[in-house]
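# Overview (structure and organization)
As a plain string of letters, each chain reads:
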Amino acid sequence: MDSLVIAGRTFRSRLIVGTGKYKSGQETARAIEASGAEMVTVAVRRVNLDRSKESLLDFIDPKKYFLLPNTAGCYTTDEAVRTARLAREVGLSDWVKVEVIGDQKTLYPDVQATIEATRILVKDGFTVLPYTSDDPVIAQRLLDAGAHAIMPLGAPIGSGMGIQNVANIQILRELVTEVPLIVDAGVGTASDAAIAMELGADAVLMNSGIANADDPVLMADAMKHAVIAGRMAYQAGRMPKKLYATASSPLQGVVR
């Protein structure tokens, strides 16, 4: 079975989905179901953790889905570390997707703060999946800090522009061999997800591309198939590109 393995845990699906921006908790649940995803990210700072009122967590069955808390909305190392520890304290998970934002307009990561948060949380016993830039040097620093996956953006968060950094993703694919490479951010439609997987990504994480579609449930289904197709194409190995045509049928044996 071609499975995704992160920190010794096996997932059948290579699609990871977020839970923000949906019209309702019911729509969120239907879209997640249609995506076939097993891992679901939850922004710790944007959900009601004490369940004193209706919470997004009421619509996600922890027996069916693996919850991955994330530190969305954090702008410093300290904020990210405290948020991760809060998620663990309330029983969500000792896994965390680390996001430390460095610029409010582009939502690009503060890579130095991300590296430091990763180092602290790994020492604290967390399984850490950091959202990062597509810089190979930063990826190596995160690996040195003990990251359990490398999650470069394909384009700015929520932009839907698709994979804008093909060369860098290919370079990262050669560099990152000990842990999964997961493209995070920028996917707008199914073909974007397929391209990410064809470039060799081990998985794709997305939220806006599904939640902001006219029909999020149908788009979730499309993304599921795109990730599967892209993975199969990568494994199959595409034909070489050529400048000129090559006949599909050989000339030998042609009746004259």
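A few points on the structure. (Residues numbered from 1 in each chain as written. Predicted model: local features only at pLDDT ≥ 70, side-chain atom pairs only at ≥ 80, totals over all residues. Heavy atoms only, no water.)

## Quick word on the overall build of the protein
To be explicit about the condition: The numbering of helices and of strands both runs from the N terminus, where a helix is a DSSP run of H or I of at least 4 residues and a strand a run of E of at least 2. Each residue is placed in one exposure class: buried if its accessible area under a 1.4 Å probe, protein chains only, is under 20% of its type's maximum, exposed if it is over 50%, and partly exposed if it falls in between. Between two residues, a contact is recorded if the distance between any of their heavy atoms is within 4.5 Å. Each accessible area is a Shrake-Rupley result for a 1.4 Å probe, and residues are judged covered by the shown protein chains and nothing else.
Check the secondary structure of the protein and you find eight helices and ten strands. Across the 256 residues in the protein, those meeting the buried criterion constitute 50%. The contacts of the protein with a sequence gap of at least 6 include a subset with a gap of at least 24, amounting to 64%. Per element, the accessible surface of the protein, about 12800 Å² overall, is 51% carbon and sulfur.

## Details of the side chain of Thr83
Along the chain, Thr83 turns up in helix H2 (residues 77-89). When sequence neighbours within four positions are dropped, the list of residues in contact with Thr83 reads Val44, Arg45, Asn70, Thr71 and Cys74.

## As for the layout of surface pockets
Quick reminder of the rule: Using protein atoms alone on a 1 Å grid, points that fit a 1.4 Å probe yet trap it form a cavity, whereas open point sets bounded by protein on both sides within 12 Å along at least five of seven lines form a pocket; residues with an atom within 4 Å of a point count as lining. Grid points are joined across faces, edges and corners, and a volume is the space filled by probe spheres set on the points. Ten residue types, Ala, Val, Leu, Ile, Met, Phe, Trp, Tyr, Cys and Pro, are classed as nonpolar, four, Asp, Glu, Lys and Arg, as charged, and the remainder, Gly among them, as polar.
Roughly 580 Å³ of volume is contained in the largest pocket. Around the largest pocket, the lining comprises 31 residues; the ones closest to its centre are Arg46, Ala72, Glu99, Ile157 and Asn207. Contributions of two or more residues to the lining of the largest pocket are made by strand E4 (39-43), strand E10 (203-206) and helix H7 (208-211). Counting residues per element, the lining of the largest pocket draws most heavily on E4, which supplies three residues. Taken together, the residues that form the lining of the largest pocket break down as 13 nonpolar, 13 polar and five charged. Roughly 270 Å³ of volume is contained in the second largest pocket. Forming the boundary of the second largest pocket are Val166, Gln170, Arg173, Ile195, Glu198, Leu199, Ala233, Tyr234, Gly237, Arg238 and Lys241.

## Considerations on H2
Since the α-helix packs 3.6 residues into each turn, any two residues three or four apart lie on the same face. Let me state the cut-off plainly: Multiplying 1.5 Å by the residue count of a helix minus one yields the expected span of that helix. Throughout, the arc means that of the directions going from the helix axis to the C-beta atoms.
An ideal rise of 1.5 Å per residue puts 18 Å on 13 residues; H2 measures up with 18 Å between its terminal C-alpha atoms. Taken residue by residue, H2 has Thr77, Ala80, Val81, Thr83, Ala84 and Ala87 as its buried positions. For H2, the buried positions fall inside an angular range of 165 degrees around the axis, keeping them on one side. Counted as exposed and oriented over 90 degrees from the buried face of H2: Asp78, Arg82 and Glu89.

## Thoughts on the packing of aromatic side chains
Worth spelling out the cut-off: Only Phe, Tyr and Trp rings are paired, with Trp represented by its six-membered ring, and only when their centres lie within 6.5 Å; those with planes under 30 degrees apart are stacked, over 60 edge-to-face, the remainder tilted.
By the definition in use, this model includes three aromatic pairs. Ring geometry for Phe11 versus Phe66: centroids 5.7 Å apart, planes at 70 degrees, classification edge-to-face. Taken together, the positions of Phe11 in strand E2 (residues 9-11) and Phe66 in strand E5 (residues 66-70) put the pair 55 residues apart, joining distant regions of the chain. Judged by its relative accessible area of 14%, Phe66 falls in the buried class. With 6.3 Å between their ring centres and 75 degrees between their planes, Phe11 and Trp95 make a pair best called edge-to-face. With Phe11 in strand E2 and Trp95 in strand E6 (residues 95-98), this residue pair connects regions lying 84 residues apart in the sequence. Trp95 carries the same exposure label as Phe11, and that label is buried. In this structure an aromatic cluster arises from ring pairing among Phe11, Phe66 and Trp95.

## Regarding the pattern of salt bridges
So the rule is basically this: For this analysis, a salt bridge means a side-chain nitrogen from Lys or Arg found within 4 Å of a carboxyl oxygen belonging to Asp or Glu.
What the rule picks out here adds up to twelve salt bridges. Between Glu99 and Lys97 there is a salt bridge, and its shortest N-O distance comes to 3.0 Å. Accessibility assignment for this pair places Glu99 and Lys97 in one class, buried. Overlapping salt bridges, with partners in common, bring together Asp2, Arg14 and Arg231 in one network.

## Considering the pairing of E6
We apply this condition: The crossover handedness rule: strands pointing away from the viewer, path from first strand over the helix to second strand clockwise, crossover right-handed.
With burial as the criterion, each face of E6 is covered, one bearing Trp95 and Lys97 and the other bearing Val96 and Val98. Chirality of the crossover, the property in question, places the unit of E6, helix H3 (residues 111-123) and strand E7 (residues 127-132) among those that are right-handed.

## Regarding unusual backbone geometry
One non-glycine residue, Ala7, adopts positive backbone phi at about 50 degrees. Checked against the element boundaries, Ala7 lands in the loop between strand E1 (4-6) and E2. Ala7 sits in the partly exposed class, given a relative accessible area of 45%. Positive phi, close to 100 degrees, is recorded for Ala185, a residue that is not glycine.

## Comments concerning the nonpolar core
Our working rule: For the purposes of this section, nonpolar cores are sets of buried Ala, Val, Leu, Ile, Met, Phe, Trp, Tyr and Cys residues that join through side-chain atoms within 4.5 Å.
Residues Val17, Ile60, Ala193, Met206, Ile210 and Met223 are the most contacted members of the largest nonpolar core, which totals 37 residues. Of all elements in the fold, only strand E3 (15-17), helix H1 (25-35), E4, helix H6 (190-198), E10, H7 and helix H8 (216-236) reach the threshold of two or more residues within this core. Sequence-distant contacts of Ile210, defined by excluding residues within four places in its chain, comprise Val17, Tyr22, Ala31, Pro216, Met219, Ala220 and Met223. Grouped together as the second largest cluster of nonpolar side chains are 14 residues, Leu4, Ile6, Met151 and Ile182 included.

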